[in-house]
Amino acid sequence: MKNSKIADSTVAIEEYVPDLSEKYQTRFTALVEKLGSALPHNRNYLLEEELKSVGIDGVSECADIDLLKYMASISLLKDLSLQGWQFRAESGNLHLFMNEDNLDDKAHIRYRLSAERNAQFKTESIKKFIIKMETPRLFKGEEVSIKNLIGNKDMLIQRIREEGKICDPYIQLVTQRKDEHTGIELSDIWRYFRYTWAIPYKTMPGRNLFYLVRDRAQKYHPIIGIFALGNSVLNLSVRDEDIGWTVEAIKRNMQQKVDISFCEQEVSGTDGGKIKAKIVKSLETDEEYALRIQKYSNKIMPLLIQNIDDAIDDIYTKDLGYHRNTKYPKAEYIETLISQAIELEALSINNKNNEKNPNWIEETQKPLFKKKRATELAKLLKAKKIFVEAPYEDNTEKLQFLLSKEEGRQAINTALIANRKCKIGSNMMDIIVCGSIPPYNELLGGKLVSILACSPTVIRDYTHRYAQQVSEIASRMKGKRVVRDSRLVYLGTTSLYAIGSSQYNRIKVPLQNGSKLEYAKMGITEGFGTVYFSNDTSSLFSRILEIIDGGKKINHVFGEGTSPRFRMISRGLKAIGIRADAFLKHYSPRIVYSINLANNTNDFLLGIDQDVEYGFNIEDDQDVQAHTQYLIDYWYKRWLEMRITSVDIEKRLEAFDIMEVLLSTKC
């Protein structure tokens, strides 16, 4: 880049060179020239006009892959522009750059999310839904609508003045039932308020729980806030490191504990010159260190081996030529499995699963799952081979040897992943939606909602709902019905902004059993995601890949892999010649939070403990309710009562306008 100011103020620069046919390359070059001479605020208009000029009636019916690639290149460029990427066009070449300015700014991040969110409100089905929710209907002789479920600010102000109970919160699981106070379906109530979020609303596959937090102190029990739990992210390094699911975590536990500090020291003969000196102080004696790592190794090594054996037992192997009692896997057989998986890859097209009444043997023998089984078995047997061939009988020496070799570290990682897959899919969830609805946000309702997302009520609901839930993927891998343990012990979430989340920060609630409920900061992740990519771009990528593959490889069915949208957009970017990791990285640093729901969360997730220590009786509804009410009461005293004395709460509530919440103003 010629402009040094641009180079000095950017976090990323990418040349945008899509792989186009000669016909469309000429057209693209001409478009770049127009973009170069246009004012920045006119560029999106030029891109939209270009899409219209080459547009087709239906993407799904188009077979012209050259046209589809060109359209995808322009649609993607439009998305990137709205994300905050800026253009620099020179001599027919287009460079995109992301400025570091405003990356942490809340308003800027909301703007980056606004394009796809606003596009939702132009969708006819969503517009009809909003109108339906805001239109009064007759229920028990009264006209009601979603407006009745927005808190009454005047009543809140009155209760504050009278020094009475300001609100009376409770938690409600969203089911298929209708709300007893308005007759509106609970799922519609949750959905309506979810559309008020800055992040576009997309349904999430897998396990989900949706909740309303309500105020029984007002008529109709208006909504204080909403939250939802969804499947945990499969790979998150800062989380996995903390739990102990990484090779680095094991290496750290095998090292002698020391305290490192720094100080300045004067250098003799330098007339007062100083240097920074590193001071390392041992926190344990050599004897204490030897005893600790021996105990740790005796605990971890058998677990790693057991993880491998359990994972192999969970694979249907009758058609893979594997004998269950094999103690010493052969390299030749492992290579055969890998070759078999490669051959089956070509057959994994237009995958469909029998969701209603599956025959698990038939399902596991389909190309998609036979390929997965062969691939997984090869990995596990390779790890087992390394474990059994490692020298030394002593667990400490064996573990140290494995950690010293690349293939040993890979084997340990395979064993850790084998355990992690089981736990992530059943004992862990992420908080995927969490927040307060005005005017309760002024009462720090966000804190309440965050706390209740971790409540005994939620733990019980999850455990009971999924206690008999058949694991679709595990059952297809094993060729028989598999039900995973469903005891919820961990929640994770991330902030939307790099500066953190005001509703998560400083949440430390002392519990009755002596432990605490805490949103612990694990670290920061910039991460990768697809939330900024439009549905138009996604549809174009999907059709391009379908033509290239001769069918659909991404069909949103169990077994194809995690994050189908992410995989599809990643492959779509590559298909049009664009480097995927450059634009899937969202350049929005986020804080990662973890919440341990049990006293022994990490030991349970590692497989050390088989029992869970909650500190309450999950099977006793009264005990669950009492411990949940304790959390509500703690929030009331710790945050709400302090809030009404620390700010001019009446003035803030009086400024609330219900029109700020109603979605019809966005349509």
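Structure: see above.
A few points on the structure. Note on numbering: residues in each chain are counted from 1, in written sequence order. Per-residue local features are limited, in this predicted model, to residues with pLDDT of at least 70; the limit for side-chain atom pairs, both in listing and counting, is 80 or more; totals at the level of whole chains, interfaces and linings are taken over all residues. Hydrogen atoms and water are omitted, and side-chain values are computed over all heavy atoms in the structure.

## Thoughts on the overall build of the protein
Logical step 1: Summing up its helical and strand segments, the protein has 25 helices and 16 strands in all.
Logical step 2: A 1.4 Å probe rolled over the protein chains alone gives each residue an accessible area, and that area as a share of the maximum for its type sets the label: buried under 20%, exposed over 50%, partly exposed in between. Across the 667 residues in the protein, those meeting the buried criterion constitute 49%.
Logical step 3: The criterion used for residue contact is that any of the two residues' heavy atoms lie within 4.5 Å. Look at the contacts in the protein between residues 6 or more apart in sequence, and 75% of them connect residues 24 or more apart.
Logical step 4: Counting every atom, the protein has about 32,700 Å² of accessible surface; 48% of that belongs to carbon and sulfur. Helix and strand labels come from DSSP, where a helix needs a run of H or I of at least four residues and a strand needs a run of E of at least two; each type is numbered from the N terminus. What sets the accessible areas is the Shrake-Rupley method with a 1.4 Å probe; for residues, cover comes only from the shown protein chains.

## So, the packing of aromatic side chains
Ring pairs (aromatic) are described by centroid distance and by the angle formed between their planes.
Logical step 1: A pair of aromatic rings is counted whenever rings of Phe, Tyr or Trp (Trp by its six-membered ring) have centres within 6.5 Å, and the orientation is called stacked for planes under 30 degrees apart, edge-to-face for over 60 and tilted otherwise. Tallied over the entire structure, the rule returns 21 aromatic pairs.
Logical step 2: Between Tyr195 and Tyr201, the aromatic rings sit 5.2 Å apart at their centres with planes inclined by 85°, giving edge-to-face as the arrangement.
Logical step 3: Given the relative accessible area of 4%, Tyr195 is considered buried.
Logical step 4: Measuring from centroid to centroid gives 6.2 Å for Trp635 and Tyr636, while their planes differ by 85°, and the two rings are edge-to-face. Residues Trp635 and Tyr636 agree in their burial class; the two are buried.
Logical step 5: Here the aromatic residues Phe121, Phe129, Trp190, Tyr195, Tyr201 and Phe210 are joined through ring pairs into a cluster of three or more.
Logical step 6: Geometry around Phe129 places Arg191 over its ring, the cationic atom sitting 3.9 Å from the centre.
Logical step 7: By definition here, charges over rings are those cases where NZ of Lys or CZ of Arg is within 6 Å of the ring centre and within 35 degrees of the ring normal. Above the plane of the ring of Phe604 lies Lys423, whose end atom (NZ or CZ) is 5.8 Å from the centre.

## Concerning the environment of Pro302
Logical step 1: Looking at the secondary structure, you find Pro302 in helix H11 (residues 286–313).
Logical step 2: Under the relative-accessibility criterion, Pro302 is labelled partly exposed at 39%.
Logical step 3: Once the C-alpha coordinates of Pro302 and Asn395 are considered, the two residues, 93 residues apart in sequence, prove to be 8.5 Å apart.
Logical step 4: Apart from the residues lying within four places of it in its own chain, the contact partners of Pro302 are Ser297 and Asn395.

## Regarding the packing of helix H4 (residues 65–83) against helix H20 (residues 535–549)
When two helices pack together, their arrangement is given by the angle between the helix axes and by the axis-to-axis distance.
Logical step 1: Between N-to-C directions, angles span 0 to 180 degrees; the directions come from axes that are lines fitted to C-alpha atoms, helices contributing only their stretch in contact. One can describe the packing of H4 onto H20 by two numbers: an axis separation of 9 Å at closest approach and a directional angle of 150°. Put simply, H4 runs roughly antiparallel to H20. Relative to H20, H4 is oriented so that their crossing is left-handed. Two secondary-structure elements touch here, H4 through Ile65, Leu68, Lys69, Met71, Ala72, Ser75, Leu76 and Asp79 and H20 through Asp536, Thr537, Leu540, Phe541, Arg543, Ile544, Ile547 and Ile548.
Logical step 2: Each residue is assigned to one of three groups, with Ala, Val, Leu, Ile, Met, Phe, Trp, Tyr, Cys and Pro labelled nonpolar, Asp, Glu, Lys and Arg labelled charged, and all others, Gly among them, labelled polar. Here the contact of H4 with H20 is composed, by residue class, of 10 nonpolar, two polar and four charged. What sets the label is the angle itself: under 35 degrees gives roughly parallel, over 145 gives roughly antiparallel, 65 to 115 gives roughly perpendicular, and the rest give oblique. What makes a crossing left-handed is the near helix being turned counterclockwise from the far one by less than a right angle; a clockwise turn instead makes it right-handed.

## Describing the packing of H11 against helix H16 (residues 406–424)
Logical step 1: In the contact formed by H11 and H16, the axes pass within 8 Å of each other and the chain directions differ by 60°. The angle between H11 and H16 places the two elements in the oblique class. Of the two possible hands of crossing, H11 and H16 adopt the one that is left-handed. Residues Leu304, Asn307, Ile308 and Ala311 of H11 pack against Ile412, Thr414, Ala415, Leu416, Ala418 and Asn419 of H16.
Logical step 2: The class makeup of the residues in the contact of H11 with H16 is seven nonpolar, three polar and no charged.

## Examining empty space enclosed by the protein
One way to see where empty space is left: roll a probe the size of a water molecule over the atoms.
Logical step 1: Whether a set of points on the 1 Å grid over the protein atoms alone is a cavity depends on a 1.4 Å probe fitting there but being unable to get out, while an open set qualifies as a pocket with protein on both sides within 12 Å along at least five of seven lines; lining residues are those with an atom within 4 Å of a point. Grid points are joined across faces, edges and corners, and a volume is the space filled by probe spheres set on the points. Considering all chains together, one arrives at one cavity of 30 Å³ or more under this definition.
Logical step 2: Element by element, the count of residues in the lining of the largest cavity is highest for H11, at four residues.

## A look at unusual backbone geometry
Logical step 1: With an omega dihedral of 5°, the bond running from Pro438 to Pro439 counts as a cis peptide bond.
Logical step 2: Inspection of the secondary structure assignment puts Pro439 in the loop between strand E11 (428–436) and helix H17 (445–452).
Logical step 3: At Lys140, a position not held by glycine, the phi torsion is positive, near 50°.
Logical step 4: Looking at the element boundaries, Lys140 is found in the loop between strand E4 (137–139) and strand E5 (142–144).
Logical step 5: Even without glycine at this site, Tyr220 takes up a positive phi of about 75°.
Logical step 6: Along the chain, the position of Tyr220 falls in the loop between strand E7 (208–215) and strand E8 (223–231).
Logical step 7: The buried category is assigned to Tyr220, whose relative accessible area is 13%.

## A short note on the sheet that holds strand E3 (residues 93–99)
Logical step 1: The pairing criterion for strands is at least two bridges between them, as found by DSSP. Pairing in this open sheet of three strands is antiparallel, and the strands run E1-E3-E2 from one edge to the other. Bordering the open sheet on either side are strand E1 (10–15) and strand E2 (85–90), each of which pairs with just one other strand. If you compare each strand with its neighbour and ignore which way they point, the axes differ by 25° on average.
Logical step 2: Relative to the sheet, H4 contacts E2 and E3, its axis offset from that of E2 by approximately 120°.

## Some details on the sheet that holds E11
Logical step 1: What the seven strands build is an open sheet, ordered E6-E7-E8-E11-E12-E16-E15; its pairing is mixed. Both outer strands of the open sheet, strand E6 (169–173) and strand E15 (520–525), are each paired with one neighbouring strand and no more. On average, each strand axis in the sheet is inclined to that of its neighbour by 25°, with strand direction left out of account.
Logical step 2: Relative to strand E16 (residues 590–596), E15 runs antiparallel, the two being bridged by five bridges. The partner of Lys521 across the bridge, within E16, is Tyr593.
Logical step 3: Against the sheet, helix H8 (residues 186–194) contacts E6, E7, E8 and E11, and its axis sits at roughly 95° relative to E8.

## Looking at the state of the cysteines
Logical step 1: Cysteine sulfur atoms that pair up within 2.5 Å are treated as a disulfide. In this structure the tally under the stated criterion is zero disulfides.
Logical step 2: In this model Cys434 remains outside any disulfide bridge; the closest cysteine sulfur is found in Cys454, 7.9 Å from its own.

## With respect to the nonpolar core
Logical step 1: Phe227, Ile431, Leu491 and Tyr519 are the most contacted members of the largest nonpolar core, which totals 61 residues.
Logical step 2: With seven residues, the single largest contributor to this core is helix H24 (residues 621–646).
Logical step 3: Setting aside its immediate chain neighbours within four residues, Tyr519 contacts Ile431, Ser450, Ala453, Cys454, Thr493, Tyr504, Ile507, Tyr593, Ser594 and Ile595.
Logical step 4: With 41 residues, the next largest nonpolar core counts Leu31, Ala72, Leu76 and Ile569 among its residues. What is meant by a nonpolar core is a set of buried Ala, Val, Leu, Ile, Met, Phe, Trp, Tyr and Cys residues, joined one to another through side-chain atoms within 4.5 Å.

## With respect to a nonpolar patch on the surface
Logical step 1: Candidate patch residues must exceed 30% relative accessible area and have no salt bridge, after which like charges are joined if within 9 Å and Val, Leu, Ile, Met, Phe, Trp or Tyr side chains if within 5 Å. Salt bridge, as used here: a side-chain nitrogen of Lys or Arg that lies within 4 Å of a carboxyl oxygen of Asp or Glu. A grouping of Val258, Ile260, Phe262 and Val280 is seen on the molecular surface, where their side chains present a nonpolar patch of about 360 Å² in accessible area.
Logical step 2: Broken down by element, the residue count for the nonpolar patch peaks at three residues, all from strand E9 (residues 258–266).
Logical step 3: Here Val258 shows up in strand E9.

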